[in-house]
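Observations on chain architecture
Spelled out, the chains give:
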There are 4 protein chains.
Amino acid sequence: MRLELDPSLNTADYTYSHRLRVRFAETDAMGIVHHSRYLPYLEEARVEYLRHLGHPYHVLRAEGVDYAVLEAFVQYRLPLKFDDVVDVHLRLGAATRATFQIAYLLTVDGQVRATAVTVHGCVNPDGRPVRMPAWLLALGD
Amino acid sequence: MRLELDPSLNTADYTYSHRLRVRFAETDAMGIVHHSRYLPYLEEARVEYLRHLGHPYHVLRAEGVDYAVLEAFVQYRLPLKFDDVVDVHLRLGAATRATFQIAYLLTVDGQVRATAVTVHGCVNPDGRPVRMPAWLLALGD
Amino acid sequence: MRLELDPSLNTADYTYSHRLRVRFAETDAMGIVHHSRYLPYLEEARVEYLRHLGHPYHVLRAEGVDYAVLEAFVQYRLPLKFDDVVDVHLRLGAATRATFQIAYLLTVDGQVRATAVTVHGCVNPDGRPVRMPAWLLALGD
Amino acid sequence: MRLELDPSLNTADYTYSHRLRVRFAETDAMGIVHHSRYLPYLEEARVEYLRHLGHPYHVLRAEGVDYAVLEAFVQYRLPLKFDDVVDVHLRLGAATRATFQIAYLLTVDGQVRATAVTVHGCVNPDGRPVRMPAWLLALGD
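Described in the following lines is the structure provided in the data block. All values reported here derive from a predicted model rather than from experimental measurement.

**Describing the sheet that holds strand E1 (residues 16-21) of chain A**
With antiparallel pairing, the 10 strands of this open sheet are ordered in space as E1(A)-E3(A)-E4(A)-E5(A)-E2(A)-E2(D)-E5(D)-E4(D)-E3(D)-E1(D). The outermost strands of the open sheet, each flanked by one partner alone, are E1 of chain A together with strand E1 (16-21) of chain D. Here the strands of the sheet are splayed against their neighbours by 25 degrees on average, with no regard to which way each runs. Taken together, the 10 bridges between strand E4 (residues 99-108) of chain A and strand E5 (residues 111-123) of chain A define a ladder with antiparallel strand orientation. Directly across from Phe100(A), in E5(A), lies its bridge partner His120(A).

See the structure below:
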């Protein structure tokens, strides 16, 4: 397990935040958001973060760098429900030459709902590991 | 609208049947299978039908023919629920040189739950229409 | 088939519009948005439309009225791709005492990508048909 | 983090195995199964395991016990592709009075593709923690 980050419960510890709203299609028969649906939320936040950094994901993909997900961890603390407006806070951390990790905090009206960590590696279109872009390496803490 | 088939409610009118079981992840907060989740069921049945015909989809894709979905129609008659064992009956029909249509009947223990029709066109990997394979054209009724 | 609406290709024929962005998780191995993923887009637009009308869906659900999807039809004209910003235009039409229909037009930068129609019935939490709220009946054209 | 299990890469270390086939709808524009789609695979395997144990999930839910997912971890080692036949091996472990954990190994033709761990708590229909059924407590190692 490469997972190293321990996501803080304090929004002030995060450098970027993306807001989204829960779709009905993302709920399950327990009346809450299905646990698998959190991962696309994290991904959407990552994509917006890259755009915010001036490195839109579709440009990176066109340049032949993809960000494979190597590991994902989610801790579900309180359920998300239909129509909840979710703030996905994220922080880039723990970059090495081959991988980087992102910590996430999901809140609704400031209330903690979940934390998460994803570990990524840079790969080419064939799925082979490639060197991480310098700008990305520079960002890690 | 190219949609022409009128799916029969009689399983005897279908030439192939594929069985699957509803996943919990496919339900929604109404306690039933979300209406968007029927389309992957139809697709799974199509894939198994092509394999049954001796033309597995991954071979067709490797040969440069993809089956774009041009239209899809579903009529939801009775809900599907978690753990239901669903029989997806299908029948190829109404092929032209450029498109073909498939009619579907979804049953659980013989009880009709839904009908559907999909319209497909053959395309190359760039998404451009290509001539339909002869074996497929020959199958249409 | 109850489907009656014929969705116009002219955005001026629609009364409401909702904007969303395609997630990477919604694409498939053909490099385009999977055809099943359009239905949650339509649903998200309906939910926002109800909120815009002053009848948020979660309030309606709390009042014991749910909007079952009876039929859905999508015509895929040009693919949607990752990161596309999609405008989902919609128009309520063809309401009866028991059902109502909605027509949709999906555009990206003004270019038509898809049209769709959904047919809905009002049901109680047990799935039994109930009378349509007066305000909804009044809205239909 | 409650996560304690360290999933073995040896199929002999697992007590149950469930086979499924990758759907086209589960792939993404990288041409592989989207990382969020592994979680429903794990869930499907859990459901079949409970059935195998004589405690079908829908019976447990009818009896008022639900298995909330508290944590989920996946390590993606090699991609899964469309039409892959995946064996999801699982082993129940590390049960306490309030939670239990399951370790997973995903293989295709015996080749390791992913490992995973999920942590669960028993809850009633309102989402409140309840005591774990005795039969389940007895199974943990």
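**Brief notes about the packing of aromatic side chains**
All names here are of chain C. Under the definition given, this model contains 32 aromatic pairs over all chains. Between Tyr 38 and Tyr 41, the aromatic rings sit 6.2 Å apart at their centres with planes inclined by 35 degrees, giving tilted as the arrangement. In this pair, Tyr 38 and Tyr 41 are both assigned in helix H1 (residues 38-52), 3 residues apart and thus about one turn of the helix distant. The residues Tyr 38 and Tyr 41 share a single accessibility class, namely buried. Measuring from centroid to centroid gives 5.6 Å for Tyr 67 and Phe 100, while their planes differ by 80 degrees, and the two rings are edge-to-face. Linking Tyr 67 in strand E2 (residues 66-76) with Phe 100 in strand E4 (residues 99-108), this pair joins segments that are 33 residues apart in sequence.

**Quick look at the pattern of salt bridges**
Enumeration over the complete set of coordinates arrives at 40 salt bridges over all chains. The salt bridge involving Arg23(C) is made with Glu26(A); its shortest N-O contact spans 2.9 Å. Here Arg23(C), found in the loop between strand E1 (16-21) and H1, pairs with Glu26(A), found in the loop between E1 and helix H1 (38-52), and the two come from separate chains. You can call Arg23(C) buried: its relative accessible area is 8%. Arg61(C) is the salt-bridge partner of Asp66(C), the closest N and O atoms lying 3.2 Å from each other. A relative accessible area of 7% means that Asp66(C) is categorised as buried.

**Here's the deal with the relation of the copies chain A and chain B**
Taken as rigid bodies, chain A and chain B are interconverted by a rotation of 180 degrees and an axial shift of 0.0 Å, the fit giving an RMSD of 0.0 Å. Expressed as an axis order, the relation between the two copies is that of a two-fold axis. Scanning chain A for the C-alpha nearest the rotation axis identifies Asp28(A), at a separation of 1.9 Å. In this assembly the copies share their binding face: 100% of the residues contributing to the interface of chain A also contribute to that of chain B.

Conventions used here
- The residue count restarts for each chain, going from 1 along the sequence in the order it is written.
- A letter from A marks each chain and a number from 1 marks each ligand, given out in the order of writing.
- Side-chain atom pairs in this predicted model are given and counted only at pLDDT of 80 or more, local residue features only at pLDDT of at least 70, and totals for whole chains, interfaces and linings cover all residues.
- Only hydrogens and water are set aside when side-chain values are computed; all heavy atoms of the structure are taken into account.
- One bridge is not enough; two strands pair if DSSP finds at least two bridges between them.
- Where helices and strands are cited, they refer to DSSP runs of H or I of at least four residues and of E of at least two residues respectively, numbered from the N terminus.
- Helix axes are fitted to C-alpha atoms over the stretch in contact, other axes to C-alpha atoms as well, and angles between N-to-C directions run from 0 to 180 degrees.
- Aromatic contacts are taken between Phe, Tyr and Trp rings whose centres are within 6.5 Å, Trp giving its six-membered ring; a plane angle under 30 degrees counts as stacked, one over 60 as edge-to-face, and the others as tilted.
- Any residue under 20% of the maximum accessible area for its type is buried, any over 50% is exposed, and the rest in between are partly exposed; the area is computed with a 1.4 Å probe on protein chains only.
- Salt bridges are counted wherever a side-chain nitrogen of Lys or Arg sits within 4 Å of a carboxyl oxygen of Asp or Glu.
- Copy-to-copy superposition: least squares on the C-alpha atoms, limited to residues that have pLDDT of at least 70 in both copies.
- In what follows, residue pairs with any heavy atoms lying within 4.5 Å of each other are defined as contacts.

Note that all results are geometric; they support no functional claim without further evidence.
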